[in-house]
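Tertiary structure, described
For reference, the chains in residue letters:
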Amino acid sequence: MRYEGSIFRPPSEARSYLLQATIGCSWNHCTYCTMYADKQYRVRDLAETLEDLHLAAKTGAERVDKIFVCDGDALVLPMDHWRPILRTARELFPRLRRVSCYAMARNVAAKSAEELAELREAGLDLLYIGPESGDDETLRRIAKGDDYEAHVEAARRAHEAGLRISTIFLLGAGGTERSEEHARGSARLATAMDPEFLAALTLTVVPGSPQEKLQASGRYELPDIFGLLRELRVIVAEAAPRDALFRTNHASNYLPIGGRLAADRERILKVIEAALDGR
């Protein structure tokens, strides 16, 4: 297939067809992220996007059952792109059961309730939303662009439209200075957003990122492994979504665990305690 630059997707989309409908990220200010630093954001030409769907169908029409729409926050696509993309996908892939994309809270806010419901009816099923933290001061420091309340409202509107959400929190985002506030705020936000899927990743200080400059100047310090595990323990102990599939299976993490929250809370906590005890 035809792709521009590096392509990123969640771990759970490993077997999905990746359709690049936007180039880069419309926000692209987060201090820890260099994923789209080499791209100038734009909406890809619709004719090219639809042509890629047809090219994929020539070899994978019977195999594709999931499509992940790239790049960084593809929900930002205007409706006159989403409509033909979703319609064409349904026509070309008879086994298609899920279409998903990354989204920021502001992307959800920019769509009307009617548009969100229309997208769900047309086949968009899952939004990956990465608040990274539920602590507003941490969100400000990492230049996330949306605060606690914006994420709660985005989750409410997505669920009201029938969309499922997968939320992503970033261990270490608050640094050593706000480690506890970050962890507790993240647990509160995970509860308030009530996602169907909940993931914890670990912040990596990427060379060339603003986060590296903050670290070099002494304004940011990444917690050590045990500090990161303590943050994870707080999130698991205090987050109370009704029934979320929980994973820490991203390559950035030191301890891959999984289960359901809140049903498997005690079992997961025992694993974290064992890691903290060196067992």
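Coordinates for the structure precede this section.
Residues numbered from 1 in each chain as written. Predicted model: local features only at pLDDT ≥ 70, side-chain atom pairs only at ≥ 80, totals over all residues. Heavy atoms only, no water.

Description of the layout of surface pockets
Roughly 1100 Å³ of volume is contained in the largest pocket. Forming the boundary of the largest pocket are 46 residues, of which Met-35, Tyr-102, Ile-168, Leu-201 and His-250 lie nearest the centre. The element best represented in the lining of the largest pocket is strand 8 (residues 197-202), accounting for 6 residues. Looking at the lining of the largest pocket residue by residue, the classes come out as 26 nonpolar, 14 polar and 6 charged. Here the second largest pocket defines a volume of roughly 210 Å³. Lining of the second largest pocket is provided by 14 residues; of these, Arg-141, Gln-211, Leu-214, Arg-219 and Tyr-220 occupy positions nearest its centre. Those elements that provide at least two residues to the lining of the second largest pocket are helix 5 (136-141) and helix 8 (210-216). A class-by-class count of the residues in the lining of the second largest pocket yields 4 nonpolar, 6 polar and 4 charged. (1 Å grid on protein atoms, 1.4 Å probe; cavity = no way out; pocket = protein on both sides within 12 Å on 5 of 7 lines; lining within 4 Å. Points joined across faces, edges and corners; volume = space filled by probe spheres on them. Helix = DSSP H or I, 4+ residues; strand = E, 2+ residues; numbered from the N terminus. Nonpolar A, V, L, I, M, F, W, Y, C, P; charged D, E, K, R; others polar.)

Here's the deal with the nonpolar core
In terms of nonpolar packing, the biggest core is built from 66 residues, with Ile-67, Leu-124 and Leu-127 touching the most fellow members. Listed in part, the 20 residues of the second largest apolar core include Leu-18, Cys-25, Tyr-32 and Phe-68. (Core = buried A, V, L, I, M, F, W, Y, C linked by side-chain atoms within 4.5 Å. Buried < 20%, exposed > 50% of the residue type's maximum accessible area, 1.4 Å probe, protein only.)

Quick word on the sheet that holds strand 7 (residues 164-171)
The mixed open sheet is built from 8 strands, whose spatial order is 1-4-5-6-7-8-9-10. Every interior strand has two partners, whereas the edge strands, strand 1 (17-20) and strand 10 (258-261), have only one. The sheet shows a mean angle of 25° between the axes of neighbouring strands, taken without regard to direction. Bridge analysis of strand 7 against strand 8 gives 6 bridges, and the strand direction is parallel. Among the inter-strand pairings, Ile-168 is bridged to a residue of strand 8, identified as Ala-199. Running at roughly 160° to strand 1, helix 1 (residues 46-60) makes contact with strand 1 and strand 4 (66-70) of the sheet. (Pairing = 2+ DSSP bridges. Axes fitted to C-alpha atoms, helices over the stretch in contact; angles between N-to-C directions. Contact = heavy atoms within 4.5 Å.)

Focus on the environment of His-182
The residue His-182 is located in helix 7 (residues 179-193) in this model. On the accessibility criterion, His-182 (0% relative accessible area) is buried. Linking His-182 and Gly-172, residues 10 residues apart in sequence, is a C-alpha distance of 8.2 Å. The contacts of His-182, once residues within four sequence positions are left out, are Glu-132, Ser-133, Gly-134, Asp-135, Thr-138, Leu-170, Leu-171, Gly-172, Ala-173, Gly-174 and Glu-231.

A word on helix 10 (residues 265-276)
With 12 residues, helix 10 extends 16 Å between its outermost C-alpha atoms, agreeing within 8% with the 16 Å of an ideal straight helix rising 1.5 Å per residue. Here the buried face of helix 10 lies against helix 9 (225-238), strand 9 (244-247) and strand 10. (Expected span 1.5 Å × (residues − 1).)

A look at the packing of aromatic side chains
Here the structure, examined in full by the defined rule, presents 5 aromatic pairs. Centre to centre, the rings of Tyr-17 and Phe-93 are 6.2 Å apart; their planes meet at 40°, and the pair counts as tilted. Here the residue Tyr-17 occupies a position in strand 1, and Phe-93 occupies one in the loop between helix 2 (79-92) and strand 5 (98-103), the gap between them amounting to 76 residues. For Phe-93, a relative accessible area of 1% gives the class buried. Each ring, one from Tyr-102 and one from Tyr-128, has its centre 6.1 Å from the other, and the planes form 70°; the classification is edge-to-face. (Phe/Tyr/Trp six-rings, centres within 6.5 Å; stacked < 30°, edge-to-face > 60°.)

Concerning the environment of Phe-93
For the pair Phe-93 and Leu-53, spaced 40 residues apart in sequence, the C-alpha separation works out to 9.2 Å. For Phe-93, the contacting residues outside a window of four places in its chain are Leu-53, Ala-56, Ala-57, Gly-60, Ala-61, Val-64 and Ile-67.

Section: the pairing of strand 7
Residues in a regular strand project their side chains so that they alternate between the two faces of the sheet. Buried residues dominate strand 7, accounting for 7 of its 8 residues. Here strand 6 (residues 124-132) runs beside strand 7; their pairing, made up of 5 bridges, is parallel. Residue pairing in the sheet places Tyr-128 in a bridge with Ser-166 of strand 7.

Here we look at the packing of helix 9 against helix 10
Close contact between helix 9 and helix 10 brings their axes to 10 Å; oriented N to C, the two are set at 165°. Between helix 9 and helix 10, the angle is such that the two are roughly antiparallel. Regarding helix 9 and helix 10, the two cross each other, and that crossing is left-handed. Residue-level contacts link Phe-226, Leu-229, Arg-230, Leu-232, Arg-233, Val-236, Ala-237 and Glu-238 of helix 9 to Arg-265, Ile-268, Leu-269, Ile-272, Glu-273, Ala-275 and Leu-276 of helix 10. Considering only residue class, the contact of helix 9 with helix 10 consists of 10 nonpolar, no polar and 5 charged. (Parallel < 35°, antiparallel > 145°, perpendicular 65-115°, else oblique. Left-handed = near helix turned anticlockwise from the far one by under 90°.)

Focus on the pattern of salt bridges
Here the structure, examined in full by the defined rule, presents 26 salt bridges. Lys-144 is paired through a salt bridge with Glu-132; the nearest N and O atoms lie 3.2 Å apart. With Lys-144 in the loop between helix 5 and helix 6 (148-160) and Glu-132 in strand 6, the pair connects residues that are 12 residues apart, well separated along the chain. In this structure, Lys-144 and Glu-132 share a single accessibility class: buried. Because the salt bridges share partners, they merge into one network encompassing Arg-2, Arg-44, Glu-48, Glu-51 and Asp-52. (Salt bridge = Lys/Arg side-chain N within 4 Å of Asp/Glu carboxyl O.)

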